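# Inside the fold
The primary structure of each chain is shown beneath.
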Amino acid sequence: MAEQIHLNAFTLACPSPQFWGAWKLPNDESAEGFLSLDYWIKFAGILERGKFDALFFADTMGVSDVYGGSEAAALRNGVFAPAIDPTILIAALAGRTSHLGFAVTFATSHAPPYHAARLFSSLDHVTKGRVAWNIVTSTSKVNEANGLGPVVPHDERYDIADEYLEVCYKLWEQSWEDGALRLDREAGVLADPDGVHRINHRSEHFSVRGPHQTPPSPQRTPFLYQAGGSPRGMAFAGHHAEAVFLGMQSPDRVREMVDTIRGNAAAAGRDPKAVKILMGFRCLVGESERDVRLRRAEMEASSSAEAALAMYGYWTGHDLGSTPDGVKLGDLASNDFASIAKSSVLVDNRGDATVGDLKAAIARDGNAIHFAGTARQVADQMEELIACGLDGFNIVTGPVPAGYEEVVDLLVPELQRRGLYRSGYRETVLRERYLGKGQKRLRPDHPGARFRRR
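Treat the numbers as computed from the prediction; the structure is a model and nothing was measured.

Thresholds, definitions, all that
Residues numbered from 1 in each chain as written. Predicted model: local features only at pLDDT ≥ 70, side-chain atom pairs only at ≥ 80, totals over all residues. Heavy atoms only, no water. Axes fitted to C-alpha atoms, helices over the stretch in contact; angles between N-to-C directions. Helix = DSSP H or I, 4+ residues; strand = E, 2+ residues; numbered from the N terminus. Parallel < 35°, antiparallel > 145°, perpendicular 65-115°, else oblique. Left-handed = near helix turned anticlockwise from the far one by under 90°. Contact = heavy atoms within 4.5 Å. Nonpolar A, V, L, I, M, F, W, Y, C, P; charged D, E, K, R; others polar. 1 Å grid on protein atoms, 1.4 Å probe; cavity = no way out; pocket = protein on both sides within 12 Å on 5 of 7 lines; lining within 4 Å. Points joined across faces, edges and corners; volume = space filled by probe spheres on them. Core = buried A, V, L, I, M, F, W, Y, C linked by side-chain atoms within 4.5 Å. Buried < 20%, exposed > 50% of the residue type's maximum accessible area, 1.4 Å probe, protein only. Expected span 1.5 Å × (residues − 1). Bend = angle between axes of the 7 residues up to and from the residue.

### Let's talk about the packing of helix H4 (residues 86–94) against helix H5 (residues 113–126)
In the contact formed by H4 and H5, the axes pass within 9 Å of each other and the chain directions differ by 20 degrees. As summarised for this structure, H4 and H5 are arranged roughly parallel, according to the angle between their axes. As for the relative orientation of H4 and H5, their crossing is left-handed in sense. Mapping the contact onto sequence places Thr 87, Ile 90, Ala 91 and Ala 94 in H4 and Leu 119, Leu 123 and Val 126 in H5. The residue makeup of the contact of H4 with H5, split by class, is 6 nonpolar, 1 polar and no charged.

### Side note on the layout of surface pockets
Size it by volume and the second largest pocket reaches roughly 400 Å³. What lines the second largest pocket is a set of 21 residues, among which Glu 3, Gln 4, Ile 5, His 6 and Lys 276 lie closest to the centre. Tallying contributions element by element places helix H15 (residues 430–435) first for the lining of the second largest pocket, with 4 residues. Split by residue class, the lining of the second largest pocket holds 7 nonpolar, 4 polar and 10 charged.

### Some points on the nonpolar core
In terms of nonpolar packing, the biggest core is built from 85 residues, with Leu 7, Phe 52, Trp 133, Phe 281, Phe 393 and Ile 395 touching the most fellow members. With 10 residues, helix H7 (residues 154–174) is the single largest residue contributor to this core. Setting aside chain neighbours within four positions, we find Phe 281 in contact with Phe 371, Val 378, Met 382, Leu 385, Phe 393, Asn 394, Ile 395 and Val 396.

### A word on empty space enclosed by the protein
The full count for this structure, using the stated rule, is 4 cavities of 30 Å³ or more. Estimates place the volume of the largest cavity at around 70 Å³. If you go around the largest cavity, you meet 14 residues; those closest to its centre are Pro 17, Gln 18, Phe 19, Thr 397 and Val 400. Residues belonging to the lining of the largest cavity are distributed by class as follows: 8 nonpolar, 5 polar and 1 charged.

### Topic: helix H14 (residues 402–417)
Between its terminal C-alpha atoms H14 stretches 23 Å, which fits the 22 Å expected from 16 residues at 1.5 Å a residue. Of all bends in H14, the biggest is about 35 degrees, found at Leu 411, and the proline Pro 413 comes one to four residues later. Those residues of H14 not exposed but buried are Gly 403, Tyr 404, Val 407, Val 408, Leu 411, Val 412, Glu 414 and Leu 415. Where H14 is buried, its residues meet strand E1 (6–11), helix H2 (37–49), strand E11 (276–286), helix H10 (289–301), helix H13 (375–386) and strand E13 (392–396).

So, in structure tokens, the structure goes:
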């Protein structure tokens, strides 16, 4: 029997989380729904019915003012704004679900490590071990303008993040001994002081005394995601990530990235197969090819080129609207352009690709559906990609949440018939779902495990 794959729903806590302009469609509920807990409860219920691994929240901070030099394009088109804090939703949805996991993006650049450790320990407790942290190192001038940290050179961000993770590992794995939370009413001891320790961490960028305020959660360390695409980001992923999220769609590029990530994991002394690799999967699934053609045309017609360019401005720091079309991508200097434009999936990976090429591709690709068809056809496409070494997919579809209902009702049963997908939940915490029954804590070969108190 083939190894079973993993499926997440990839979204943001904002309107039209992936398909720019789709909020205008009559059967898309995201524009009004993103502010409503009832909407998210409905969404989570659909995913749990489909036995999804997790609801994966990407996240951004601030309203982008790059494209056109103001926030106008982002606000007009709903590009990552308005939005709400997805960590609040995880806490609320934990009580409305029993098995669905939750992954959330949280930037090491925006808060001190003590705060991150406390947040994820808390989320792991209230979800009963169903939370994952998507680690990012994002900084931008928008973040800096809002007091969220200075702009830092690309590779240095990852150097700081390595230190950041070390602090978190010490707080999660080292500060509290097993059994230190006594709750002994007869003896009058809630927590044993002898079992709770300061970490006394000092490094170039962080000084954290401890102890951790929150007792050990079901996973202690949350399940760890990472999505860096630059060489330094991929090295960081090989060291820390238990699951890696890829953005490209070409089988050749997927195979190349899979080999690189697993090679980096091996270089860090880890079992390469223990790093799970999921690909972003922009898809539409329908009962017939005609149905898919009509819906695809509707989704692509709702697209906004301005929205797509505003989104790229946020990620790269470049206002493509004011950059001459003839400028070569390789000549652009930006903190965040390295892993997006220079390895762009939208233009040919060649030395003479220009800003004009990229702008045209962005406008064309704004609401492009890369994988579409009946359940059988989409499952065939998935199997081709799985053969490249993938372990699963972050599903992006629309309208929201109706598109996910079709994935659950049509595609999931087809994957189950092929033996590629679970028929029910068995594991109790999210890490077990990815790494196997009984694997609630970091694997012994994970670098974070060396901070466990012996």
